[in-house]
Amino acid sequence: MATTTATITISSTDLLTDELALSTTCTLTKTTTSTGIEDTTGLNRKKITSTAKGTASGQITLYTADDFAAIAYLYVKNIATTAGHKIYIYDDSTSGDPIQFQLDAGDWGFIPMHGDKTYKAYSPGGNDPDIEWVVMGTDQ
Amino acid sequence: MATTATITLASADIAGDPVSVTKLMTLTKAGTTNDLDQSSGLNRVHLRSTTNKVLLGANAEGNDLAAKVYIINKSEDASLYVTVTINAQTVGKLYGGDFLFIPWSQTDTDADIEVAATNWTSSTGDIPVEYALFHEDTDFLTNA
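None of these values were measured; they are calculated from a predicted model.

Draft legend 1. Structural view of the sheet that holds strand 7 (residues 81-86) of chain B. Residues and elements named next belong to chain B. Taken in spatial order, the four strands line up as 5-10-7-8 in an open sheet, and their pairing is antiparallel. Looking at which strands have only one partner, the edges of the open sheet turn out to be strand 5 (53-56) and strand 8 (89-95). Strand after strand, the sheet turns through a mean of 30° between neighbouring axes, direction not considered. Looking at chain direction, strand 5 and strand 10 (residues 113-116) are connected through three bridges and run antiparallel. Bridge assignment links Lys53 to a residue of strand 10, and that residue is Val115.

Draft legend 2. Spatial organisation of the interface of chain A and chain B. Each side of the interface is counted separately: chain A has 51 residues, and chain B has 48 residues. Elements that contribute at least two residues to the side of chain A that touches chain B include exactly strand 1 (4-12), strand 2 (20-27), strand 6 (68-78), strand 8 (99-103) and strand 9 (108-113) of chain A. Ranked by residues supplied to the side of chain A that touches chain B, first place goes to strand 1 of chain A with nine residues. Split into classes, the residues belonging to the side of chain A that touches chain B amount to 24 nonpolar, 21 polar and six charged. In terms of strand pairing, strand 1 of chain A meets strand 1 (residues 3-11) of chain B through nine bridges, oriented antiparallel. Paired with A:Ser12 across the bridge in strand 1 of chain B is B:Thr3.

Draft legend 3. Broad picture of the confidence of the model for chain A. Mean pLDDT over chain A stands at 94; residues scoring 70 or higher make up 99%. Highest mean pLDDT in chain A belongs to strand 9 of chain A (97); lowest belongs to strand 8 of chain A (92).

Draft legend 4. Layout of the confidence of the model for chain B. All names here are of chain B. Mean pLDDT over chain B works out to 89, with 94% of the residues at or above the 70 mark. Of all the helices and strands in chain B, strand 3 (residues 38-39) carries the lowest mean pLDDT, 91, while strand 1 carries the highest, 97. What the predictor reports for the complex is a pTM of 0.93 with an ipTM of 0.93.

Draft legend 5. Examining the sheet that holds strand 1 of chain B more closely. Read from one edge of the open sheet, four strands run 2(A)-1(A)-1(B)-2(B), paired in antiparallel fashion. Across the chains shown, the open sheet's two edge strands, defined by having one partner strand only, are strand 2 of chain A together with strand 2 (19-26) of chain B. This sheet shows a mean twist of 10° between the axes of neighbouring strands, independent of strand direction.

Draft legend 6. Structural context of the nonpolar core. Of all hydrophobic cores here, the largest spans 74 residues; its most connected members are A:Leu74, B:Val69, B:Ile71 and B:Val82. The element contributing the most residues to this core is strand 6 of chain A, with seven residues.

Cut-off values and rules
Residues numbered from 1 in each chain as written. Chains lettered and ligands numbered in written order. Predicted model: local features only at pLDDT ≥ 70, side-chain atom pairs only at ≥ 80, totals over all residues. Pairing = 2+ DSSP bridges. Helix = DSSP H or I, 4+ residues; strand = E, 2+ residues; numbered from the N terminus. Axes fitted to C-alpha atoms, helices over the stretch in contact; angles between N-to-C directions. Contact = placed C-beta atoms within 7 Å. Nonpolar A, V, L, I, M, F, W, Y, C, P; charged D, E, K, R; others polar. pLDDT = per-residue confidence, 0-100. Core = buried A, V, L, I, M, F, W, Y, C linked by C-beta atoms within 7 Å. Buried ≥ 20, exposed ≤ 12 C-beta atoms within 10 Å, placed from the backbone.

Have a look at this one:
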């Protein structure tokens, strides 16, 4: 059994009148058990050359629906360093391809997913940003 | 007025080589390097509803503005989970101890962040949930 942890720390010395220092760690386990997850896609990195969702080419598939059992943990980061070079992540398995997240340059997200949706990414500004991501959980 | 969020993913044994990913993000206003300057603070609610409740209400002015959301299920019962939805789309499922951190794009006024204690019953006890919003719009208000 592997032991994998995710730790988030949010801090600021001047956003509030008191110092902000929030830190928490969760151990990534198989659903409803204390058994650690054992599978990962590894850390991926690709350049996004698509400027639209739907049938346009150059989109990046981050995760394919039901590839992992619930819960699958997605970490994703927009590697661009120029503000405004956004990456849109959309749900390709739902009618209308709704956009789920917009990552500006340098943004990252960490999402425990149900795992039943296909996520793809494009960059509406045509800036060809790089994206990094990893999925961890239980392959099926 | 910099606020930073750092994530560390670590495992010594999930792969053949150790995994250690640490990334820091400075929370900035959309399309700029100016720091986000507003926050809801850390809130705590106790969920006892299997139907969706609005945790953070979307604001039409929020479209294309930056907002980051942190939500954690503080239940110590690993079987109790919280479903997180945006625009009626499930975006996350948090079992006890799990957290999420996402940029929140309020593409329209239906983009509320809603939560439900999906498998709650009167015998399971409440599910404590903590959350914080970091944003740039003066009109965002939490209504939980």
